[in-house]
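# Overview (structure and organization)
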Amino acid sequence: MKLYICNECQNLLYFENNICLKCGHTVGFDARHLDLITLKPDGGGVYTDVMQKATYRFCANAAYATCNWLIPLQDNSSFCIACQLNRTIPALTSQNLDYWKRIEVAKHRLVYSLLRLNLPVHRKQDQNDKGIAFDFLADVSREQRVLTGHDHGVITLNIEEADEAERVRNKLDLGEKYRTLLGHFRHEIGHYYWDVLIRDQSRQEQFRSFFGDENADYGEALKTYYANGAPLNWSDQFISPYATSHAWEDWAESWSHYLHMMDTLETAYYFGLGVHPERRTGVNTLDVEVNCDPYTIRDFNQVFKTWLPLTFAVNSLNRSMGHTDFYPFVVPNAVIEKLQFIHQVCRGASEYSG
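Right, let's walk through the structure included here. (Residues numbered from 1 in each chain as written. Predicted model: local features only at pLDDT ≥ 70, side-chain atom pairs only at ≥ 80, totals over all residues. Heavy atoms only, no water.)

### What to know about the sheet that holds strand E6 (residues 55-58)
Taken in spatial order, the five strands make up an open sheet running E3-E4-E5-E6-E7, and their pairing is antiparallel. Edge positions in the sheet fall to strand E3 (26-30) and strand E7 (70-72), since each of these pairs with one other strand and no more. Each strand of the sheet is rotated relative to its neighbour by a mean of 50 degrees, with strand direction disregarded. As paired elements, strand E5 (residues 46-49) and E6 share two bridges and run antiparallel to each other. (Pairing = 2+ DSSP bridges. Helix = DSSP H or I, 4+ residues; strand = E, 2+ residues; numbered from the N terminus. Axes fitted to C-alpha atoms, helices over the stretch in contact; angles between N-to-C directions.)

### Digging into the packing of helix H1 (residues 94-116) against helix H6 (residues 247-270)
Helix packing for two helices is described by the angle between their axes and how far apart those axes are. Running from N to C, H1 and H6 cross one another at 85 degrees; their axes reach a closest spacing of 11 Å. Relative to H6, H1 is oriented roughly perpendicular. Contacts between H1 and H6 pair Arg109, Leu110, Tyr112, Ser113 and Arg116 from the former with Leu259, Asp263 and Glu266 from the latter. Of the residues assigned to the contact of H1 with H6, the class counts are three nonpolar, one polar and four charged. (Parallel < 35°, antiparallel > 145°, perpendicular 65-115°, else oblique. Contact = heavy atoms within 4.5 Å. Nonpolar A, V, L, I, M, F, W, Y, C, P; charged D, E, K, R; others polar.)

### Details of the state of the cysteines
Tallying each qualifying case throughout the model produces zero disulfides. Free of any disulfide, cysteine 20 has its nearest cysteine sulfur in cysteine 9, 3.5 Å distant. Taking relative accessible area as the criterion, cysteine 20 reaches 1% and is therefore assigned buried. Cysteine 23 forms no disulfide, and the closest cysteine sulfur to it belongs to cysteine 6, at a distance of 3.6 Å. Cysteine 23 sits in the partly exposed class, given a relative accessible area of 31%. (Disulfide = S-S within 2.5 Å. Buried < 20%, exposed > 50% of the residue type's maximum accessible area, 1.4 Å probe, protein only.)

### Points about the environment of threonine 66
Along the polypeptide, threonine 66 turns up in the loop between E6 and E7. Residues threonine 66 and glycine 153 lie 87 residues apart in sequence; the distance between their C-alpha atoms is 23 Å. A polar side-chain atom of threonine 66 sits 3.1 Å from the main-chain carbonyl oxygen of asparagine 61. (Polar contact = N/O pair within 3.5 Å; in protein donor to acceptor, adjacent residues only side chain to side chain.)

Encoded structure:
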């Protein structure tokens, strides 16, 4: 994520801000330029950029405080590019509204990453369309549970995942080291982009050389995984136990991991972070400066070279605060190769579309 500033007073801003807490100016996100814009009101819900004099209005979901993205005034859409993807939202009781707000924070960060990668982001118009649709649903009853998952571009999320206690309970029940709303979005959207970038672009053979044969029966594979768990040596080849269940899940878990890395390293880059333990210990094996935007780097090895020192440092900071590791993963060489393949696929899609 980029680091944003108010163009009126130079105060630092979070991506989710809709107001500068220093000068009081309204701010909103312009997805066309991936920039947080400082605004002045013109009346009637119209705002002008204080720097460029462009005019905007806010996404209709700003009325619920779930979106701070802008729509150019000449655009007739009621919803921004991120909120257009919503097909179903929960009934807005007070609790559900709180859950939806948390969900939208994660979803907007996902869409930001997709736009940074210059990947196609389109609303699903009908069942046969290749676009994306989000259904945010609540359980009907204990017997009728909503399952989070992906089906031909439709991504369903059980809104209980926005309940921190419930999510931690699910995390423990499933033996997961990492489980977040943003992680769910990144994993499920990975299934969609397999369709777009692999199946529909004839990259199956190269994909299979890294992830295995996706033609293996998916239902049977999951049944076997939940019955027997992952192989004992799973960490030699996979990023997570669940990735062992099927080639599609290996892709989605690796894809999610790739987005974790790119977004975190972009944040580190904009903060000018570096890791220099040799200054205190004389050991320089982890010495690194995050001095390049990862989205601009062609060679994934250069991306990964900055990743491990950064995560070791942040894990150490977390432990100093009594928290579990920020990054609870070990990345074997086989997974690095998978991530490198994803990086190449994304760059190829970006250069083709750009």
